[in-house]
Amino acid sequence: MSDAWVLGRARELIAAVQRTDHAEQLRVTETLDELLEETRRRGEPTLVAHLLRAAGLARLVTRGLADEAEPLLDEMLTHTRRHGLALLRADAHALRGRLLVLREQEDAALTEIARALALLDDVPAPEVHLGRRAWDRLLASALNDCWIVLNQLGVYEAAEEVITRAHQAIRDSAGPHEITLQLMNRVKMLLGWGLRLERVGRTEEAGEKFRTAASMTIAVEASFAESLFPRKPGVPAVEQVGVLAASLALAAPAAAHVERLRKLTGETGYPHEQLLVTIALARCLVADGREAEAMRTLLEARHTEAEDTSQPSMRLNLLRELTTLSGGLADDTERQSDAPSPDEDPMRLLLDYATALEDELWSMRESQIATLNTRREHERLSAEHGAITQQAMQDPLTSLPNRRALDERLRAFATSTSSEPLSVALVDLDGFKDVNDQHSHAEGDAVLRVVASTLRDALRADDIVARYGGDEFVILLPKASMSAATQALTRAVKAVASLPRHLSHGVTLSVGQVCLRAQESAEEVLSRADAAMYQAKRRGGNQIASSPAGEDGSVERGATHSQGTDPTAQAGGHP
């Protein structure tokens, strides 16, 4: 299986898991877990992030599995931060927001979306190895996941801005599936927005939202037939997708829509999408004079979807529909019997109270939008400050931690009360002066970058490689005994010695290795590592010289024994 095949298969499974029955969702989730394990073995960072997203998202849309998504999303966030995958890191925040909505922690969800959007506001240039189309697709995916949460929270103005950006990201390179997804998402948002406007009496604006959604439903037919969504060949999208059928019915409620909507209320889909279908069906039944049947339909939906927390505003829409229809039925009863005056009618008083509450909730949405924008700006400024701080601690040539950062880390290790061993290695490049003298300083800089990258790749994930100055590097190996550190450093020495000559110009490494002693200062341990490094130089270079104990014979912190033999590890001959 090529990486491209794995990624394509994951996309197909994600499209399927969102519109299939529960048993099939569980099978899809299991398959995605197998693909994730395969990508972890391969270790390609971007592919691993994609599969973490897929496995997490599958659980978010599968009933009963949402809590299992949390460790996957946490891993995705850590992984993308470590590997500098900005778009997928933003997506991880967006999916965490989605999980928080399901847990009814709406304010925390808004914070996660603010973090995601702050990252996307300052998105870097497309990575060359990905290609423009793949980059645009990643950006659109992250924006769509942000949009879903904003739509769930009913923050429609902000949701409109985000989904417009998602459309712009892929307008030049979108395939049928991306086009279908964008249009269906817009239809869903417009229907929810229209129902929300109705709740505050803005019926003309609501009608305009419904009509726009209906026109998009017509436009989606062509792309749906070529999308990745599970579908029946030759059957129009409006006959297969509930929200599309609901858009036509809400734009013009009529008996002609009843049979189609009745059929689609039993189809698999998101719970809040089913509520849209149910509300549209109820309105069409009312338009056909079947109010009692409409009431039964709404009550049944209320009981069926009582535990759904994926879209709080949609549940309120259902309750409003019930209340409005109950009021109409009560008016019919009043006309047939002695009824209280309007000022005393409990139903009328309840409707007035609900209207007042709706007005207050509507005004609160402005506060919610302001909160989102404030947190978004705060996250942006925090990221900017963090970038400035990072620059102050980073070597501009190699992107490794610089000497200032190294001194801080080493001081922290030196003052720690932990008994865990810390190995320290000072690395000097053999033959580097000849590169500068015989070629150019620019070529020397290129060699330093190659060596820096090789060291990072050859060592353990927790090891710290810093540029000490000139052609010297320092490596900190936490929780590594002398023997474990020697193995890791030997890999690094061999990796540099094996580099193609046009990249390294034949430079090799002389490494001085020591273990931090109890109560030893940063300056002292580096001085001992420097002395050991010169021992490796005197022996011909391209090797490691180890000094497990001080001149006074004391044992290093965390060491279990002292070595009496020559610890020098020959890493290979000269090229």
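1. Focus: the overall build of the protein
Working step 1: A count of helices and strands for the protein gives 23 helices and 6 strands.
Working step 2: Sequence-distant contacts in the protein: of pairs separated by 6 or more residues, those separated by 24 or more amount to 68%.
Working step 3: Accessible surface, the protein as shown: approximately 26,800 Å² in total, 51% of it carbon and sulfur.

2. Overview of the packing of aromatic side chains
Working step 1: Per the stated rule, a full pass over the model turns up 1 aromatic pair.
Working step 2: Where Y156 meets W193, the ring centres are 5.8 Å apart and the plane angle is 15°; that geometry is what we call stacked. In this pair, Y156 is assigned in helix α8 (residues 156-170) and W193 in helix α9 (residues 176-198), connecting sequence segments 37 residues apart. We note that Y156, like W193, is buried.
Working step 3: Geometry around W193 places K209 over its ring, the cationic atom sitting 3.7 Å from the centre.

3. Structural notes on the side chain of D136
Working step 1: Along the chain, the position of D136 falls in helix α7 (residues 132-153).
Working step 2: On the accessibility criterion, D136 (7% relative accessible area) is buried.
Working step 3: In contact with D136, other than residues within four places in its own chain, are A169, I170 and S173.

4. Side note on the pattern of salt bridges
Working step 1: For the structure on display, the rule yields 40 salt bridges.
Working step 2: Of the charged contacts in the structure, one is a salt bridge between D67 and R103, with a shortest N-O distance of 3.2 Å. Residue D67 is found in the loop between α3 (45-60) and α4 (69-82), and its partner R103 is found in the loop between α5 (86-102) and α6 (106-121); the two are separated by 36 residues along the sequence.
Working step 3: Among the ionic contacts, a cluster of salt bridges with common partners joins D3, E38, R41 and R42.

5. Notes on the packing of α5 against α7
Packed helix pairs are specified by the crossing angle of their axes together with the interaxial distance, meaning the distance between the axes.
Working step 1: At a minimum axis distance of 9 Å, the contact between α5 and α7 shows a crossing angle of 20°. As far as their axial angle goes, α7 and α5 are roughly parallel. The element α5 and its partner α7 pack so that their crossing is left-handed. Facing α5, whose interface residues are L87, L88, D91, A94, L95, G97, R98 and V101, α7 presents W135, L138, L139, S141, A142, D145, C146, I148, V149, Q152 and L153.
Working step 2: In terms of residue class, the contact of α5 with α7 is made up of 13 nonpolar, 3 polar and 3 charged.

6. Notes on the pairing of strand β5 (residues 543-547)
Working step 1: The buried fraction of β5 is high, at 4 of 5 residues.
Working step 2: In this sheet, β5 lies alongside strand β4 (residues 508-515) in parallel orientation, the contact comprising 5 bridges. From the neighbouring strand, V514 faces β5, where its bridge partner is S547.
Working step 3: Between the parallel pair β4 and β5, the chain is carried across by helix α23 (residues 522-538), and the sense of this crossover is left-handed.

7. Focus: the pairing of strand β3 (residues 472-478)
Working step 1: Of all 7 residues that make up β3, 7 are buried, and the element is covered over most of its length.
Working step 2: Of the two faces of β3, the one carrying E472, V474, L476 and P478 and the one carrying F473, I475 and L477 are both buried.
Working step 3: Following strand β2 (residues 464-469), the chain reverses through 2 residues before pairing antiparallel with β3; G470 in that reversal takes a positive phi of roughly 60°.

8. What about helix α21 (residues 482-497)?
Working step 1: Between its terminal C-alpha atoms α21 stretches 22 Å, which fits the 22 Å expected from 16 residues at 1.5 Å a residue.
Working step 2: Along α21, the positions that sit buried rather than exposed are M482, A485, T486, A488, L489, T490, A492, V493 and V496.

9. With respect to the environment of H439
Working step 1: Tracing the backbone through its elements, the reader meets H439 in the loop between α19 (432-438) and α20 (441-458).
Working step 2: Given the relative accessible area of 46%, H439 is considered partly exposed.
Working step 3: Between the alpha carbons of H439 and H505 there is a distance of 9.5 Å; along the sequence they are 66 residues apart.
Working step 4: Each residue touching H439, except ones within four places of it in the same chain, is listed here: D434 and H505.
Working step 5: Within polar-contact distance, the side chain of H439 engages the side chain of H505 at 3.4 Å.

10. Section: the packing of helix α10 (residues 203-219) against helix α12 (residues 242-251)
Working step 1: Axis separation between α10 and α12 bottoms out at 8 Å; the angle between their running directions is 135°. Classified by the interaxial angle, the pair formed by α10 and α12 is oblique. In the packing of α10 onto α12, the handedness of the crossing is left-handed. Two secondary-structure elements touch here, α10 through F210, R211, A213, A214 and T217 and α12 through L244, S247, L248, L250 and A251.
Working step 2: Looking at the contact of α10 with α12 residue by residue, the classes come out as 7 nonpolar, 2 polar and 1 charged.

11. Digging into the nonpolar core
Working step 1: Counting 114 residues, the largest nonpolar core has L32, L150 and L244 as its most contacted members.
Working step 2: The greatest single-element share of this core, amounting to 12 residues, is contributed by α7.

12. A word on unusual backbone geometry
Working step 1: The phi angle at K479 is positive, at roughly 55°, despite the residue not being glycine.
Working step 2: Its identity is not glycine, yet N542 carries a phi of approximately 55°, on the positive side.
Working step 3: As for its placement among the helices and strands, N542 is situated in the loop between α23 and β5.

13. Some points on helix α1 (residues 3-17)
Working step 1: For α1, which comprises 15 residues, the first-to-last C-alpha distance of 21 Å matches the rise-based estimate of 21 Å (1.5 Å per residue) to within 8%.
Working step 2: Along α1, the positions that sit buried rather than exposed are V6, A10, L13, I14, A15 and V17.

14. With respect to the confidence of the model for the protein
Working step 1: Overall, the predicted model of the protein reaches an average pLDDT of 83, with 83% of residues at or above 70.
Working step 2: This model gives residues 333-337 a pLDDT under 50, and the stretch forms 2 contacts once residues within four places in sequence are excluded.

15. Describing the environment of R96
Working step 1: Within the element layout of this structure, R96 appears in helix α5.
Working step 2: Taking the C-alpha atoms as reference points, R96 and L57, 39 residues apart in sequence, are found 9.9 Å from one another.
Working step 3: Setting aside chain neighbours within four positions, we find R96 in contact with L73, D74, L77 and E112.
Working step 4: Looking at R96, its side chain comes within polar contact range of the side chain of D74, at 2.5 Å.

How each quantity is defined
Residues numbered from 1 in each chain as written. Predicted model: local features only at pLDDT ≥ 70, side-chain atom pairs only at ≥ 80, totals over all residues. Heavy atoms only, no water. Helix = DSSP H or I, 4+ residues; strand = E, 2+ residues; numbered from the N terminus. Contact = heavy atoms within 4.5 Å. Areas by Shrake-Rupley, 256 points an atom, 1.4 Å probe, with all protein chains shown as cover. Phe/Tyr/Trp six-rings, centres within 6.5 Å; stacked < 30°, edge-to-face > 60°. Buried < 20%, exposed > 50% of the residue type's maximum accessible area, 1.4 Å probe, protein only. Lys NZ or Arg CZ within 6 Å of the ring centre and 35° of its normal. Salt bridge = Lys/Arg side-chain N within 4 Å of Asp/Glu carboxyl O. Axes fitted to C-alpha atoms, helices over the stretch in contact; angles between N-to-C directions. Parallel < 35°, antiparallel > 145°, perpendicular 65-115°, else oblique. Left-handed = near helix turned anticlockwise from the far one by under 90°. Nonpolar A, V, L, I, M, F, W, Y, C, P; charged D, E, K, R; others polar. Pairing = 2+ DSSP bridges. Right-handed = clockwise from strand over helix to strand, strands pointing away. Expected span 1.5 Å × (residues − 1). Polar contact = N/O pair within 3.5 Å; in protein donor to acceptor, adjacent residues only side chain to side chain. Core = buried A, V, L, I, M, F, W, Y, C linked by side-chain atoms within 4.5 Å. pLDDT = per-residue confidence, 0-100.

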